[in-house]
Amino acid sequence: MKKIALISHGCAKNLVDSELILGLLSKNGYSVTLDETDADFVIINTCSFIHDAEKESVDSILEMINEGKKVIIAGCLAQKHGEELKKAIPEISAMVGATDFSKIVEVIKRLEQGEEYISDINEQPEYIYPENIERQQITMGSSSYIKIADGCNYRCGYCIIPYLRGDYRSRKMEDIVSEAKALVKKGVTEIILIAQDTTGYGVDIYKKPMLSELLKELNKIENLGWIRIMYAYPIQMTDELLDTIAQCEKVVKYVDIPLQHSHPEMLKRMNRPSFDYREMIKNIRKRVPNVAIRTAFIVGYPGETEEEFEHLYNFVKDMKFNKMGVFEYSREKGTPSYSMKPLVPKKVMHERYKKLMELQQGISKKVNESYIGKTLPCIIENYTDDGYVVARTQNDAPEVDGVVYIKTDEQLVPGDIENIKIVSCDEYDLIGEL
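Criteria and cut-off values
Residues numbered from 1 in each chain as written. Predicted model: local features only at pLDDT ≥ 70, side-chain atom pairs only at ≥ 80, totals over all residues. Heavy atoms only, no water. Pairing = 2+ DSSP bridges. Helix = DSSP H or I, 4+ residues; strand = E, 2+ residues; numbered from the N terminus. Axes fitted to C-alpha atoms, helices over the stretch in contact; angles between N-to-C directions. Contact = heavy atoms within 4.5 Å. Parallel < 35°, antiparallel > 145°, perpendicular 65-115°, else oblique. Left-handed = near helix turned anticlockwise from the far one by under 90°. Nonpolar A, V, L, I, M, F, W, Y, C, P; charged D, E, K, R; others polar.

Draft legend 1. Broad picture of the sheet that holds strand β7 (residues 143-147). In space, the three strands of this open sheet follow the order β7-β10-β11, with parallel pairing throughout. A strand with exactly one partner marks an edge of an open sheet, and here the two such strands are β7 and β11 (226-229). The average angle at which neighbouring strand axes cross in this sheet is 25°, direction not considered. Of the strand pairs in this sheet, β7 and strand β10 (residues 190-194) are connected by five bridges, and their pairing is parallel. Looking across to β10, one finds that I146 is bridged to L193. Along the sheet, helix α1 (residues 12-27) contacts β7 and β10; its crossing angle with β7, the most-contacted strand, is approximately 90°.

Here it is as structure tokens:
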């Protein structure tokens, strides 16, 4: 039987899809290798969120074709560009849409039988989670992602995702809980809930948001250490949800809520909820004591004036977010903002990006300094080559936030949660000792 390799690009949501693809292959008896040079077929699960992500995916495709592999394109790039992509790179063997990855085995069988090229892309994407497939984890560490929904009912001006993945579709609560239990049995300490919008969980199948109920159920799981929620949406930050986060001892006091901007006119143009975010941030901090708030903003969206940017700058200065990402606007075909004018010059956009990031660097340093002398529970991740133990506090999500470097001769076990005394820091990371 042919050997198959998989390359995964993009976000954690894509990573889960990649792990489901590996699960499908394994269930159907295919031999999966992590070494592309050893594979007959290479599946590339692509990202198409912004131009840079597309470029990374395309570079991967070209590299594998140059190595003489039969390449199957899955995910968002296939969904977005379809036949255009095939015209540009005729050597591609097959394409499978962003929500059609369950057809991957059938596609491989047809290629094995000698078909030259196969395209299986649903023009009306509809994400249905394959509950009968056990994910084959690529990253089996102390934490693991659980996708609780996919697709999106919002139509933010800059975002292509709803057009690639369809409307919002939640998984059943019992399926999520049983997946979480299985992960804990495998040794996972922290589960991270992801979706295009986690706070909308349940609206489609239970007719109301059910994230609070889901958290309460997950909180009962024995031997589970932490539960983290990513990608919240501003209008869904209800008092009920915040109180649940505060009361469930396993739910980390961390809220990831990408706000995108602060100026009401900008938010309207972005087709985002336009209200006073200051009050919402105060309410989050009041209801969830010691909460760490992560957010993200876009600079240079079409029409952003100097005055609107200053509004955002002052908002960031006043709110003092624990963690913050900034993105320069990326003009994507198929999004509502694609034809919006006037465009902000790239140079101005980059200056605004730098200005916000410099401001945040100072805030981040002060936040980190406030932990010096305190003892914080930290999840052990791994070891560095020069003998440090790498860990994370509850205030840090994997891959996007900071870490804690611990100098110790003791053998610490990845996945364990240890109390670590913080002794120093830089802008983004902490230094600790046992």
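Draft legend 2. The packing of helix α7 (residues 211-219) against helix α8 (residues 239-247), seen in detail. In the contact formed by α7 and α8, the axes pass within 9 Å of each other and the chain directions differ by 15°. When the axes of α7 and α8 are compared, the pair comes out roughly parallel. Both α7 and α8 take part in a crossing whose hand is left-handed. The residues of α8 that touch α7, namely those facing L211, S212, E213, L215 and K216, are E240, L241, T244 and I245. Residue classes in the contact of α7 with α8 are distributed as four nonpolar, two polar and three charged.

Draft legend 3. Representation of the sheet that holds strand β15 (residues 375-383). Taken in spatial order, the five strands close into a barrel running β15-β16-β17-β19-β18, and their pairing is mixed. On average, each strand axis in the sheet is inclined to that of its neighbour by 55°, with strand direction left out of account. The pairing of strand β16 (residues 388-393) with strand β17 (residues 404-407) spans four bridges and is antiparallel. Pairing of A391 across the sheet is with V404, part of β17.

Draft legend 4. Focus on the packing of helix α11 (residues 306-319) against helix α12 (residues 346-369). Running from N to C, α11 and α12 cross one another at 10°; their axes reach a closest spacing of 10 Å. Relative to α12, the element α11 is oriented roughly parallel. Of the residues in α12, those in contact with E306, F309, E310, L312, Y313, V316 and K317 of α11 are R352, K355, L356, L359, Q360 and I363. Grouping the amino acids of the contact of α11 with α12 by side-chain chemistry returns seven nonpolar, one polar and five charged.

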